[in-house]
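Observations on the model geometry
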Amino acid sequence: PAAVSGTHEILRFACTSATKPIHYISTNGIFPGEDKAIYLENSDIDSFADKLENGYGQAKWVAEKLIWEAVSRKIPVCLYRPGNIGHHSLTGAANPNDFQTMIIDACRKVNCAPKQDSWSFEITPVDFLVKSIAIFAEISSHFGKVYNVVQNNPVSARIIFDLLLDMDVISGYVSIDEWKSRLVKKAAEANDNILNVLAQSLDEAELYLKDTGIYDCSQFERALSVHNLHRPAIDTEYFMKIIRP
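Everything numeric here is computed off the predicted structure, so don't read it as measured data.

Parameters at a glance
- Residues numbered from 1 in each chain as written.
- Predicted model: local features only at pLDDT ≥ 70, side-chain atom pairs only at ≥ 80, totals over all residues.
- Heavy atoms only, no water.
- Pairing = 2+ DSSP bridges.
- Helix = DSSP H or I, 4+ residues; strand = E, 2+ residues; numbered from the N terminus.
- Axes fitted to C-alpha atoms, helices over the stretch in contact; angles between N-to-C directions.
- Contact = heavy atoms within 4.5 Å.
- Core = buried A, V, L, I, M, F, W, Y, C linked by side-chain atoms within 4.5 Å.
- Buried < 20%, exposed > 50% of the residue type's maximum accessible area, 1.4 Å probe, protein only.
- Phe/Tyr/Trp six-rings, centres within 6.5 Å; stacked < 30°, edge-to-face > 60°.
- Lys NZ or Arg CZ within 6 Å of the ring centre and 35° of its normal.

Considering the sheet that holds strand 7 (residues 146-149)
Here three strands make up an open sheet; going across it, the order is 1-2-7 and the pairing parallel. Each edge of the open sheet carries a strand with a single partner, namely strand 1 (22-25) and strand 7. Geometrically, the sheet is characterised by an average inter-axis angle of 15° between neighbouring strands, direction not taken into account. Each of strand 1, strand 2 (77-82) and strand 7 touches helix 4 (residues 126-136); the most contacted strand, strand 2, lies at about 170° to it.

Spelled out as structure tokens, the structure:
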């Protein structure tokens, strides 16, 4: 209901009285994330529908199809497909319910990290994304465009976990099964709903940590260049913003 019905109501409002332009935030979750072909910045998403395995991706796919129907009816739209939206690059302010933020916080709470070398953290800082959208929204030439906003060289989760270890936030590594077990135990002891949600959803959400998809972001990169915008570096200094107490 939030993704599909909410989008439907936005479109209804945009078509009421004077036509209103829409800057729509979709997601790279409309792609299955495992194809060898590059995911392009265009409207051709029909072939991915049957490959989507989780409700979030399916709902966002349907919502985006509504947006493309609106485009075909001459509604001015600029569409963005971000991957994971991370904490503020300067202040470290974060969404506590963001999946990757939850993982880092969970490591702190159970004093260990999972020994998992196949995970990667793909992140776009929220302040950079918001600034880009705000600037693009002022210029009509962005209507009709779709931008994939994805970091194609994600950071190995092991680098972040090693940083936690170096900063004495955790004491070491355990197996992924042991880590999940500790999450469940800590959630029960502390009545911590976020830990409980993470433990229950990790198997499904782990797909995002192992995404091997390649996303074409060339239109987005060109638009950034026109407006002299630059992506913040996603490095250890960036992650320290959220790790520091």
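Moving on, there is more to tell.
Overview of the nonpolar core
Looking at soluble globular proteins, one finds that nonpolar side chains tend to be buried together. Ranked by internal contacts, the top residues of the largest apolar core, which has 37 residues, are Ile103, Trp119, Phe161, Trp179, Leu198 and Phe239. Elements with a minimum of two residues in this core: helix 3 (99-110), helix 5 (157-166), strand 9 (173-174), helix 6 (176-190), helix 7 (193-209) and helix 9 (236-243). Per-element accounting of this core gives the leading share, seven residues, to helix 3. Aside from chain neighbours lying at most four places away, what touches Leu198 is Phe99, Met102, Ile103, Ala106, Trp179 and Leu183. Grouped together as the second largest cluster of nonpolar side chains are 22 residues, Leu11, Ile30, Phe31 and Ile45 included.

Things to note about the packing of aromatic side chains
Enumeration according to the criterion identifies 16 aromatic pairs in this entry. Aromatic pair Trp119 and Phe161: ring centres 6.5 Å apart, planes at 65°, arrangement edge-to-face. Linking Trp119 in the loop between strand 4 (113-114) and strand 5 (120-121) with Phe161 in helix 5, this pair joins segments that are 42 residues apart in sequence. Here Trp119 and Phe161 have matching classes, each one buried. Aromatic side chains Phe128 and Phe220 sit 6.1 Å apart centroid to centroid with 75° between the ring planes, which places their arrangement in the edge-to-face category. Of the two residues, Phe128 sits in helix 4 while Phe220 sits in helix 8 (residues 218-226), which places them 92 residues apart along the sequence. Summarising the burial analysis for this pair, Phe128 and Phe220 share the class buried. Connected via pairs of aromatic rings, a cluster forms that spans Trp119, Phe121, Phe161, Trp179, Tyr238 and Phe239. It is Arg158 that lies over the ring of Tyr173; its NZ or CZ is 4.1 Å from the centre.

Describing the environment of Ile170
With respect to the secondary-structure elements, Ile170 resides in the loop between helix 5 and strand 9. Since its relative accessible area comes to 3%, Ile170 is described here as buried. The spacing of Ile170 and Ile38 is 132 residues in sequence and 38 Å in space, taken between C-alpha atoms.

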